[in-house]
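# Observations on the model geometry
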Amino acid sequence: MRVTTVSIVCVLLFVITMLVVYLRETVPVVSRAYSSPEELMRAVYTSYFQCMKTSRLQNGSLLDHCIVNPGDFFDSTFVKTLKATPGDTLLCNEGIPQKINIFKPYLDSSSSATVIVETVFPGGNYHIPVRLHKAKYGWLINEIDCNLDGHID
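Residues numbered from 1 in each chain as written. Predicted model: local features only at pLDDT ≥ 70, side-chain atom pairs only at ≥ 80, totals over all residues. Heavy atoms only, no water.

## What to know about the state of the cysteines
What counts, and what does not: A pair of sulfur atoms, both from cysteines and within 2.5 Å, is called a disulfide here. Helix numbers and strand numbers start at the N terminus; a helix is a DSSP run of H or I with at least 4 residues, a strand a run of E with at least 2.
Tallied over the entire structure, the rule returns 1 disulfide. There is a disulfide in this structure between Cys 92 and Cys 146, and the S-S distance comes to 2.1 Å. The disulfide joining Cys 92 to Cys 146 has a torsion of about -80 degrees about its S-S bond and is therefore left-handed. Taken together, the residues Cys 92 in the loop between helix 4 (76-84) and strand 1 (99-102) and Cys 146 in the segment after strand 5 (138-144) connect sequence positions 54 residues apart.

Now the structure itself:
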């Protein structure tokens, strides 16, 4: 009788653990919702740029170090892409720029927008298109186009 009870408890704990893991990966936990593309872009890129300039991180990802709660800024599918992609995806692996300019968003529709992030370097500027979509709880980044051909001034 005792073995059966222990077995049932172990199976229940396993099922609960798997459910928690599944929910963490599929249900976004958002501590901050952004009501406009401008607000989201200023929040993510300003804080990321400041962290990049002051970080002395030797090993690991700047993204993991500088973006504490990625679900606040990126949709869940894009978070998986960011974590699977080596390097600095937010600024397309171009290094630390002297300055970042965030242009006004172009609203593709009431639920999608594109914003150009300009990174300023002594040798030229890069224009990085960032695509956003409006989720139930606010705007999120769902794509960063790091194909920089044609994006250089």
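So that's the structure; there's more coming.
## Considerations on a nonpolar patch on the surface
Rule in force here: Patch definition: residues with relative accessible area over 30% and no salt bridge; like charges joined within 9 Å; nonpolar side chains (Val, Leu, Ile, Met, Phe, Trp, Tyr) joined within 5 Å. The protein chains shown are the only cover counted for residues, whose accessible areas, like all others here, come from Shrake-Rupley with a 1.4 Å probe. A carboxyl oxygen of Asp or Glu within 4 Å of a side-chain nitrogen of Lys or Arg is what we treat as a salt bridge.
Nonpolar side chains collect at one region of the surface, where Val 11, Phe 14, Val 15 and Met 18 lie side by side and expose about 390 Å² of accessible area between them. Here Met 18 lies in helix 1 (residues 2-26).

## Some thoughts on the nonpolar core
To keep things clear, this is the line we draw: Within this scheme, the nonpolar core is defined by two criteria: the residues are buried Ala, Val, Leu, Ile, Met, Phe, Trp, Tyr or Cys, and they are joined through side-chain atoms within 4.5 Å. Throughout, exposure labels follow a simple rule: accessible area from a 1.4 Å probe, protein chains only, divided by the maximum for the residue type, with under 20% read as buried, over 50% as exposed, and the rest as partly exposed. Working rule for contacts: check all heavy atoms of both residues, and any pair within 4.5 Å makes them a contact.
By size, the foremost hydrophobic cluster in this structure holds 30 residues, and its most contacted members are Tyr 45, Phe 74, Leu 90, Val 130, Ile 141 and Ile 144. Sorting the residues of this core by element identifies helix 2 (37-54), helix 3 (62-66), helix 4, strand 3 (112-121), strand 4 (124-135) and strand 5 as the ones contributing at least two each. Excluding its chain neighbours within four sequence positions, the residues that come into contact with Ile 144 are Tyr 45, Phe 78, Thr 89, Leu 90, Cys 92, Ile 128, Pro 129 and Val 130.

Such coordinate-based values are descriptive only and should not be taken to indicate function.
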